[in-house]
Amino acid sequence: MESGGRRQQEQQRLLGLRQEAAEYYRNHRVPQRMEEALNALFPQRPADLYGELANYFSKFSKTPEICKLVGRKVFDGVGQPTLEVEIYCTVKNHEKRICSTVMSSHSQVPEKALPETTEADEKGRNESVNTAVEWVNESLNTMLRDLKPTDQCKVDKMLGEYFTKKVKEREELQKEEAAEAEATLAPASGIPSATALPGGKKATKSGRKESVAERTIPPAEPFESVPCGSLAIGGTSLAIAKAAATISHIPLYLHIALLKHHQDSPKEMALPLPMITLLNCEKNSPAKLKLMKEVMLIPPVQLSVKQGIERVLDIQKEMMRLLEPPGKVSNPQVADSKKGRAHNAGKKAQPQALKRISHLGCLITGCDKLEQPLLLMQTACNSIGLELGTDMYLAINCAAHELMDYVKGKYEILTGTFRSPDEMVDMYVELINEFPFVIALIDPLRKEDRQQWSNICCALGSKCYLVAEDAATYVSRLKTDQNINLPTCSGVVLKYINQTKVSDLIEVTGLLDGQRHITILGSPDGESSDDSLVDLAVGLGARFLKLGGLSRGERVTKYNRLLAIEEELAKNRTLREANLEFIAFDGE
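Here the structure is a predicted model, which is why all the values come from computation and not from measurement.

**What about the overall build of the chain?**
Reasoning step 1: From N to C terminus, the chain includes 17 helices and 22 strands.
Reasoning step 2: A burial count over the chain gives 49% of its 588 residues as buried.
Reasoning step 3: Total accessible area on the chain stands at roughly 29,400 Å², and carbon and sulfur atoms take up 50% of it.

Structure representation (structure tokens):
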């Protein structure tokens, strides 16, 4: 009797479980969807039936959620420490690594900075990366858990609030430390130290010459401090965007475009034109020229990216031949008078062939005259049957902020040759008139010389892009009450560094588009092998992409990514030709 009762109880328990299971599966529409799947797949009779069933049911699975963030200290392309952020999500009830991103390092220290300045910068960089790793592995890991990677705006808002809180905490701590230090020190009777000036120079004693300079030029704005740990914000934001693209099975550039255009998929997309650095006129070389930090090539819009890069490689090969030491290079043939003028100028003042590759991935050389690198470019192009202004264009990164002598109040463009801000404008006008194939000047002036920026834009804006790179502040500081805080210029080079978030880039590029500014996405000096910058540029609709030269793996990786995107868009018939429209400022 007892055993029969136990069997009956067991049967009732099993019946209850069956009913519970049936109700559970009915509530989740499993029988209905199973029938739909079997009916849909039977006519197809797929070779991998269970694979197709898995594909069918995967669209009903729960949206992946963030389950873990991992931060680690790695090294960038120049051996500087930087941050890598990995995203793990719960996918179909399992923890899965989705993607990672490596931030590029960026330094504000000038090339000729004092050793103690460079040492302090390296120490601060290490501390900042260590702090960023700690933030990612602890606070951000907890804060973002269970969020969906597709909620970019929500994630970026939380990251921004967290960063603001950390900055305030640090400021309060610094105030407390300063107060304690002041309380422990006896009344100071010493002479205060000289004020440091940009470039590691110390201020001279006050006198007539300095007071004249101060009245002549606006003083340099202080460097914007980079809060310790800020890499964690930018690295996490970009990693979230990459994770969202991965789980949505779309490329990152399309995901960015959808975010910018409020989920409206663009019918066509234009690729940014590459600004490919060919020459770096080294400031510390024995040669005199200081003005041209980078001389870049811009292929014409009629060429595909692949054709443009191949053409640049041909020019680079010829340039390396021209930079061979005297006696090893044969004189290039002269095809026309313009070519002959360039060749003869090259004979009179042969550039110093340093035969080294810069960290920017380009050739390093030294020149003694302002026009010399441009004539050298002209000679290289003419030697292989190309004409500058038709078959290729030039851009110059002047990096004028590195040239200012604050005692004289002038820019040192050549060793011992100085120009005032107004004289710089006249010099650029003459340069562009003589070499009209130069269609872009980056940082021709400091950002403080706002009147001269306005003057040069009125004089040259209709035929040359006047672009702010260092003359623009960080992305996080560019926007002010729905306006862009910039000197008058054609556009701006944006860099994805520090606390920049994907949402910040989307907002700023939207404002730039609305104010007729062009957007250029640029890579920092300390570049990493992460190629996300190219997807950002394409998705945001940037006009140009400034990646450095066609050497060094971390830079070539990005050019390869640009080629892959071009191929994909062409295959999908969604590739639109870029354009080179200039802005006539004098008509405003």
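**Considerations on the packing of helix H9 (residues 305-322) against helix H17 (residues 553-571)**
Reasoning step 1: H17 packs onto H9 with a crossing angle of 145° between their chain directions and a minimal axis gap of 9 Å. Across from Val 305, Lys 306 and Ile 309 in H9, the residues of H17 making contact are Tyr 559, Leu 562, Leu 563 and Glu 566.
Reasoning step 2: For the contact of H9 with H17, the class distribution of residues is five nonpolar, no polar and two charged.

**Here we look at the sheet that holds strand E12 (residues 404-405)**
Strand pairing within a sheet occurs via backbone hydrogen bonds; the two strands may be parallel or antiparallel.
Reasoning step 1: Pairing is antiparallel across the open sheet formed by three strands, whose spatial order is E12-E13-E14. Each edge of the open sheet is held by one strand with a lone partner, namely E12 and strand E14 (417-419).
Reasoning step 2: Relative to E14, strand E13 (residues 410-414) runs antiparallel, the two sharing three bridges. Bridging from a neighbouring strand, Glu 412 pairs with Phe 418 of E14.
Reasoning step 3: Those strands touched by helix H12 (residues 421-434) are E13 and E14, and its axis lies near 40° from that of E13.

**Looking at the packing of aromatic side chains**
Reasoning step 1: Inspection of every chain in the model, using the stated rule, returns seven aromatic pairs.
Reasoning step 2: For the ring pair Tyr 56 and Phe 60, a centre distance of 5.8 Å and an interplane angle of 65° mean the geometry is edge-to-face.
Reasoning step 3: Given a relative accessible area of 17%, Tyr 56 falls into the buried group.
Reasoning step 4: Take Phe 60: its relative accessible area is 34%, and that puts it in the partly exposed class.

**Quick notes on the pattern of salt bridges**
Reasoning step 1: Scanning the model with the defined rule gives 23 salt bridges in all.
Reasoning step 2: With a shortest N-O distance of 3.9 Å, Lys 62 and Glu 65 are connected by a salt bridge.
Reasoning step 3: Look at Lys 62 and you get exposed, because its relative accessible area is 63%.
Reasoning step 4: Between Lys 242 and Asp 530 there is a salt bridge, with its nearest N and O atoms 3.5 Å apart. In this pair, Lys 242 sits in helix H7 (residues 231-247) while Asp 530 sits in the loop between strand E20 (518-522) and helix H16 (532-540), placing the two residues 288 residues apart along the sequence. The residues Lys 242 and Asp 530 share a single accessibility class, namely buried.
Reasoning step 5: Overlapping salt bridges, with partners in common, bring together Arg 72, Glu 84, Glu 86 and Arg 97 in one network.

**Brief notes about the pairing of strand E3 (residues 94-102)**
Reasoning step 1: Looking at chain direction, strand E2 (residues 81-91) and E3 are connected through eight bridges and run antiparallel. When the sheet's bridge partners are listed, Glu 84 is paired in E3 with Val 102.
Reasoning step 2: Hairpin connection, E2 to E3: the antiparallel pair is bridged by two residues, and Lys 92 has positive phi, about 50°.

**Here's the deal with the environment of Ser 128**
Reasoning step 1: With respect to the helices and strands, Ser 128 occurs in helix H4 (residues 115-143).
Reasoning step 2: Residues Ser 128 and Cys 228, 100 residues apart in the sequence, show an inter-C-alpha distance of 4.4 Å.
Reasoning step 3: Residues in contact with Ser 128, not counting those within four places in the same chain, are Pro 227, Cys 228, Gly 229 and Ser 230.

**A look at the confidence of the model for the chain**
Reasoning step 1: When the pLDDT values of the chain are averaged, the result is 85; 84% of them are 70 or greater.
Reasoning step 2: Predicted confidence for residues 188-215 stays below pLDDT 50, and this span has 26 contacts to residues more than four positions away or in other chains.

**Digging into the sheet that holds E2**
Reasoning step 1: Strand order in the open sheet formed by three strands is E1-E2-E3, and the pairing between neighbours is antiparallel. Edge positions in the open sheet fall to strand E1 (65-75) and E3, since each of these has one partner strand only. Neighbour to neighbour, the strand axes of the sheet diverge by 25° on average, direction disregarded.
Reasoning step 2: Together, E1 and E2 form the strand contacts of H4, whose direction differs from that of E1 by roughly 165°.
Reasoning step 3: The strands touched by H7 within the sheet are E1, E2 and E3, with E3 carrying the most contacts at an inclination of about 125°.

**Section: unusual backbone geometry**
Reasoning step 1: Within the chain, Asn 498 stands out as a residue other than glycine whose phi angle is a positive 50°.
Reasoning step 2: Looking at where Asn 498 falls in the secondary structure, it is placed in the loop between strand E19 (491-494) and helix H15 (502-514).
Reasoning step 3: Owing to a relative accessible area of 7%, Asn 498 belongs among the buried residues under this scheme.
Reasoning step 4: Residue Arg 516 is not a glycine yet carries a positive backbone phi of 60°.
Reasoning step 5: With respect to the helices, strands and loops of the structure, Arg 516 is situated in the loop between H15 and E20.

**A few points about helix H8 (residues 252-260)**
Reasoning step 1: The element H8 is largely enclosed, with a buried count of nine among its nine residues.
Reasoning step 2: Buried residues of H8: Leu 252, Tyr 253, Leu 254, His 255, Ile 256, Ala 257, Leu 258, Leu 259 and Lys 260, and no others.

**Concerning the side chain of Asn 397**
Reasoning step 1: Of note, Asn 397 is situated in strand E11 (residues 393-397).
Reasoning step 2: In this structure Asn 397 comes out as buried when scored by relative accessible area, which is 4%.
Reasoning step 3: Here the side chain of Asn 397 touches Ala 399 through a polar contact of 3.3 Å, landing on its backbone nitrogen.
Reasoning step 4: When residues no more than four places from it in sequence are discounted, the contact partners of Asn 397 are Leu 291, Met 292, Lys 293, Glu 294, Met 296, Ile 442, Asp 443, Glu 469 and Lys 546.

Quick notes on the rules
- Residues numbered from 1 in each chain as written.
- Predicted model: local features only at pLDDT ≥ 70, side-chain atom pairs only at ≥ 80, totals over all residues.
- Heavy atoms only, no water.
- Helix = DSSP H or I, 4+ residues; strand = E, 2+ residues; numbered from the N terminus.
- Buried < 20%, exposed > 50% of the residue type's maximum accessible area, 1.4 Å probe, protein only.
- Areas by Shrake-Rupley, 256 points an atom, 1.4 Å probe, with all protein chains shown as cover.
- Axes fitted to C-alpha atoms, helices over the stretch in contact; angles between N-to-C directions.
- Contact = heavy atoms within 4.5 Å.
- Nonpolar A, V, L, I, M, F, W, Y, C, P; charged D, E, K, R; others polar.
- Pairing = 2+ DSSP bridges.
- Phe/Tyr/Trp six-rings, centres within 6.5 Å; stacked < 30°, edge-to-face > 60°.
- Salt bridge = Lys/Arg side-chain N within 4 Å of Asp/Glu carboxyl O.
- pLDDT = per-residue confidence, 0-100.
- Polar contact = N/O pair within 3.5 Å; in protein donor to acceptor, adjacent residues only side chain to side chain.

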